[in-house]
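Spelled out from the first residue to the last, the chains are:
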Amino acid sequence: MSSEIKALVRSHQGNSRLQIWIVGSPDQVIHAMNELYVKKVATDRAQFTPIIPAPFSEGKFMSVLTR
C-alpha cells in the first residue's frame, strides 16, 4: 500500500466517519464526484480528497468522500 493511501486510512481511523472511495479514470472520478454533489450525498466539494493515482490499480485514479 502506498504512503498516500496509508495516510488517508490513518487520518480517519480515530473517527468512525463513513468513507466512499471512487476509483476509475480521471473523467469517471470527476463525473462521480459531480454526481454525488448534485444528488446532495456530499454537501460540499471540500469533503472529497484530491484525485490521486490509485496505488492498487495501475492507470486508475481515486478520490475519497468522507461524510
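Residues numbered from 1 in each chain as written. Predicted model: local features only at pLDDT ≥ 70, side-chain atom pairs only at ≥ 80, totals over all residues. Heavy atoms only, no water.

On to the sheet that holds strand β2 (residues 52–53). Strand order in the open sheet made by the three strands is β1-β3-β2, with antiparallel pairing throughout. Both edges of this open sheet fall to β1 (19–24) and β2, since each of them pairs with a single strand only. Bridging between β1 and strand β3 (residues 61–66) involves six bridges; their strand directions are antiparallel. Its bridge partner being in β3, Q19 is matched across the sheet by T66. Contacts from helix α2 (residues 26–38) reach β1 and β3 within the one sheet, and its direction differs from that of β1 by about 145 degrees. (Pairing = 2+ DSSP bridges. Helix = DSSP H or I, 4+ residues; strand = E, 2+ residues; numbered from the N terminus. Contact = heavy atoms within 4.5 Å. Axes fitted to C-alpha atoms, helices over the stretch in contact; angles between N-to-C directions.)

This next bit is on the pattern of salt bridges. According to the stated counting rule, one finds one salt bridge in the structure shown. Across the pair K39 and E35 runs a salt bridge whose closest N-O atoms are separated by 3.0 Å. Accessibility expressed as a relative area gives 35% for E35, which makes it partly exposed. (Salt bridge = Lys/Arg side-chain N within 4 Å of Asp/Glu carboxyl O. Buried < 20%, exposed > 50% of the residue type's maximum accessible area, 1.4 Å probe, protein only.)

Moving on: the confidence of the model for the chain. This prediction gives the chain a mean pLDDT of 87; 82% of its residues lie at or above 70. Here helix α1 (residues 3–11) stands out as the element of the chain with the lowest mean pLDDT, 67, in contrast to α2, whose mean of 97 is the highest. (pLDDT = per-residue confidence, 0-100.)

As for its placement among the helices and strands, S63 is situated in strand β3. With relative accessibility at 0%, the residue S63 sits in the buried group. Reaching out from S63, the side chain makes a polar contact with the backbone oxygen of T49 at a distance of 2.7 Å. When residues no more than four places from it in sequence are discounted, the contact partners of S63 are I20, W21, I22, V29, M33, F48, T49, P50 and I51. (Polar contact = N/O pair within 3.5 Å; in protein donor to acceptor, adjacent residues only side chain to side chain.)

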